[in-house]
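For reference, the chains in residue letters:
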Amino acid sequence: MAACLVALIIITPITLTVPPGAHNVKGTVYTRNDAQAPTGIPVLINNTINNQSVLTYTNGPPPKPGAYSSTINGTDGDLIEVTSWNITHYGLNRSQLTSTTTELLAILNTSKKETNLTINMTNNATVNAGNTFNFTVNITMIGVEDGTGCSVTIGINTSLIIFTGPDTSTRSLGNIPAGSFASTAWNLTAFASGSTNITANSSCNSDYRNFDNANSKTAYNITVIGSVLPQITLEAPENMTRKKNNHTIFSYNVTYQNSIENCSLIIDDAINQTNDSISRNASQNFTADLPIGLYNWSVSCTDSINKVNGSSVKYIINITGNFAPAVSQVYAATPIDLTAGSTKEIECNATVLDSNLDDLVHANATFYDSSSTYGSPDSNTSHYSNASCLNISTNGEMHNFTCKANFLYYASNDTWKCNITATDNENMTSTAYANMSINQLIAIETTSSTVDFGNITVTQVSQMQTINVTNLGNIPVNLSLFGYGGDNQTIYENYSQWCPHGFIDLDFERFSKEESTPYIQMHNLTTLPKDSNLTIQKVIDPSNITNTTGTTYWRIKIPAGIGGRCNGTIVFIASAA
């Protein structure tokens, strides 16, 4: 058998990647008036892919001073960004690198918003240890638009130079109009020997870019020479603190290169007590019981080597004793309309001032009418209470409370008081009230919307039917009523019933408030409201609702010539009894 040979050839494609290289970029910068920019205008070319940048300047000869050209490292297709700026405006443009020369123009037509920062300290300055000096920063708004939400921050080596007294490294400057400047200064104290830098950085919420990096300045190589006092920071109680009790813990922190021999608590410029066991760079305490009064306090410390004494700033503390909270500005919306047969949420608000700041416990409210008193038991008619009002906001000494109660529909039509009492944690209280009034609520409800007289033979009188009427208001009411045929008063006002075959006159449908009244003696319907001689009392005690529902008794006679299923309307009207 002959052998068969098969040859398999595999071809693998090879992709060649062009390595990054220098690419030419050139263009022209124009002002917002379409004129070419002068020479010397900065142009920043940035490859957004590899984040490499090249800074060049317009340097074209007349008549094209706005021309620029440079090279940047990149790959064909990389996205580059060209930005140019002058003192008030900037322009920006983007394109992809081409294999030849990429041309990009820039138009300075967008307003600049950036800060230019200067400081009052020069490089290589010297400061004697223990001396306090002023570090001032001026911030000018560059461009034609205002800066908003501006601030400045300084950075220092706080082991060598510290803030004098309570301070922060950042200052808010608010808004700075275009072309204007704001100034701020820190008091700094040289603390320990050595060299450091002080850097100031400014910014505004409205900043887009800081093109010239003019928002940052550094004073380099600031040298502190000589010895320094112990640096004492008062921690608690804070300056201008008020306390209701006289037992006070005074906290402080002392920082120093050498060890500390002792520290003393100074009350009203006299030593109150001294501590010989001191920890550096740590919070530590003195404890003192002071009578009610106003005091200044500070801490003085002495080192163990040079016997150098350092004193802190002075803070003021006011030992006041406990004061009852003060209820003010009680407010209740008035007059009030209750809800028929249901409840209505009534709200009363008050502001409570607690001069002790931290001991207000709660507030409660009592609502009562002229027939009741603050201490009376709760009654749905005349007395409601809320033992736990809601503290909806607190601002320092001021607490705002809202107190609510669900009033039933038969709460008395009267003048009410909303009395709010605030209590602190030593059971000291104060009370204030506001007047409010509850309007009359006249409301009734019938037990059924339909009265069925049944099937009645012509000339016959129906069986007695009843309609019960309940008082759902807060005053006794008198009932009057009228009627008409069908459901259209205008068309059938002179009838009591509309029938497919004829009409029944008003005189044939009659009512009484007594079940035993004969038909002939009952009152007939009329076209105008007619007094039923029935008075319905309001609810006084929910466990005894006698006389809060009234019953009317009804009969009808069918005259000759009437046929079919008849219907009519009875209207009940309630008025104040």
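To keep things clear, this report deals only with the structure shown in the data block. (Residues numbered from 1 in each chain as written. Predicted model: local features only at pLDDT ≥ 70, side-chain atom pairs only at ≥ 80, totals over all residues. Heavy atoms only, no water.)

**Structural notes on the state of the cysteines**
1) Next: Enumeration according to the criterion identifies five disulfides in this entry.
2) Next: Here Cys150 engages in a disulfide with Cys204; their sulfurs sit 2.0 Å apart. The sign of the S-S torsion, about 105 degrees, decides the handedness of the disulfide formed by Cys150 and Cys204: right-handed. Within this pair, whereas Cys150 is found in strand β13 (residues 147-155), its partner Cys204 is found in the loop between β17 (194-203) and β18 (216-225), the two being separated by 54 residues in sequence. Assigned by exposure class, Cys150 and Cys204 land together as buried.
3) Next: Disulfide pairing is shown between Cys348 and Cys418; the S-S distance is 2.0 Å. The disulfide joining Cys348 to Cys418 has a torsion of about -110 degrees about its S-S bond and is therefore left-handed. On the criterion of sequence distance, the pair formed by Cys348 in strand β29 (residues 343-353) and Cys418 in strand β34 (residues 415-424) is long-range, its members being 70 residues apart.
4) Next: Here the bonded cysteines of the chain are numbered in sequence order, and their pairing is 1-2, 3-4, 5-8, 6-7, 9-10. (Disulfide = S-S within 2.5 Å. Helix = DSSP H or I, 4+ residues; strand = E, 2+ residues; numbered from the N terminus. Buried < 20%, exposed > 50% of the residue type's maximum accessible area, 1.4 Å probe, protein only.)

**What to know about the layout of surface pockets**
1) Next: As a volume, the largest pocket reaches approximately 770 Å³.
2) Next: For the largest pocket, the lining is made up of 27 residues, of which Val451, Phe453, Gln497, Cys566 and Asn567 are closest to its centre.
3) Next: Considering each element in turn, the lining of the largest pocket owes the most residues, four residues, to strand β45 (residues 568-576).
4) Next: Residues that form the lining of the largest pocket fall into these classes: twelve nonpolar, twelve polar and three charged.
5) Next: Taken as a whole, the second largest pocket holds about 510 Å³ of empty space.
6) Next: Of all the secondary structure elements, the ones that give two or more residues to the lining of the second largest pocket are β14 (161-163), β19 (231-236), β21 (247-255) and β26 (309-311). (1 Å grid on protein atoms, 1.4 Å probe; cavity = no way out; pocket = protein on both sides within 12 Å on 5 of 7 lines; lining within 4 Å. Points joined across faces, edges and corners; volume = space filled by probe spheres on them. Nonpolar A, V, L, I, M, F, W, Y, C, P; charged D, E, K, R; others polar.)

**Digging into the nonpolar core**
1) Next: Within the largest apolar cluster, 34 residues are counted, with the highest numbers of intra-cluster contacts made by Val327, Val330, Phe367, Phe407, Trp416, Ile420 and Met436.
2) Next: Breaking this core down by element, the ones donating at least two residues are β28 (326-332), β29, β30 (360-369), β33 (398-408), β34 and β35 (429-437).
3) Next: Those residues within four positions of Phe407 in sequence are excluded, and the remaining contacts are Leu338, Ser342, Thr343, Lys344, Ile346, Phe367, Tyr384, Trp416, Met436 and Ile438. (Core = buried A, V, L, I, M, F, W, Y, C linked by side-chain atoms within 4.5 Å. Contact = heavy atoms within 4.5 Å.)

**Considerations on the sheet that holds strand β37 (residues 465-471)**
1) Next: Reading across from one edge, β36-β37-β44-β41-β42 is the order of the five strands in this open sheet, with antiparallel pairing throughout. In the strand order of this sheet, the two ends are held by β36 (444-446) and β42 (523-524), each with one partner.
2) Next: In the sheet, β37 pairs with strand β44 (residues 549-556) via six bridges, with the strands oriented antiparallel. Residue Val469 lies in a different strand from β44, and its bridge partner there is Gly550. (Pairing = 2+ DSSP bridges.)

**A closer look at the sheet that holds strand β6 (residues 89-96)**
1) Next: With antiparallel pairing, the five strands of this open sheet are ordered in space as β3-β2-β5-β6-β9. In the strand order of this sheet, the two ends are held by β3 (52-57) and β9 (110-111), each with one partner.
2) Next: Note: strand β2 (residues 42-47) against strand β5 (residues 79-85), five bridges, orientation antiparallel. For Ile45, the partnering residue across the bridge sits in β5 and is Val82.

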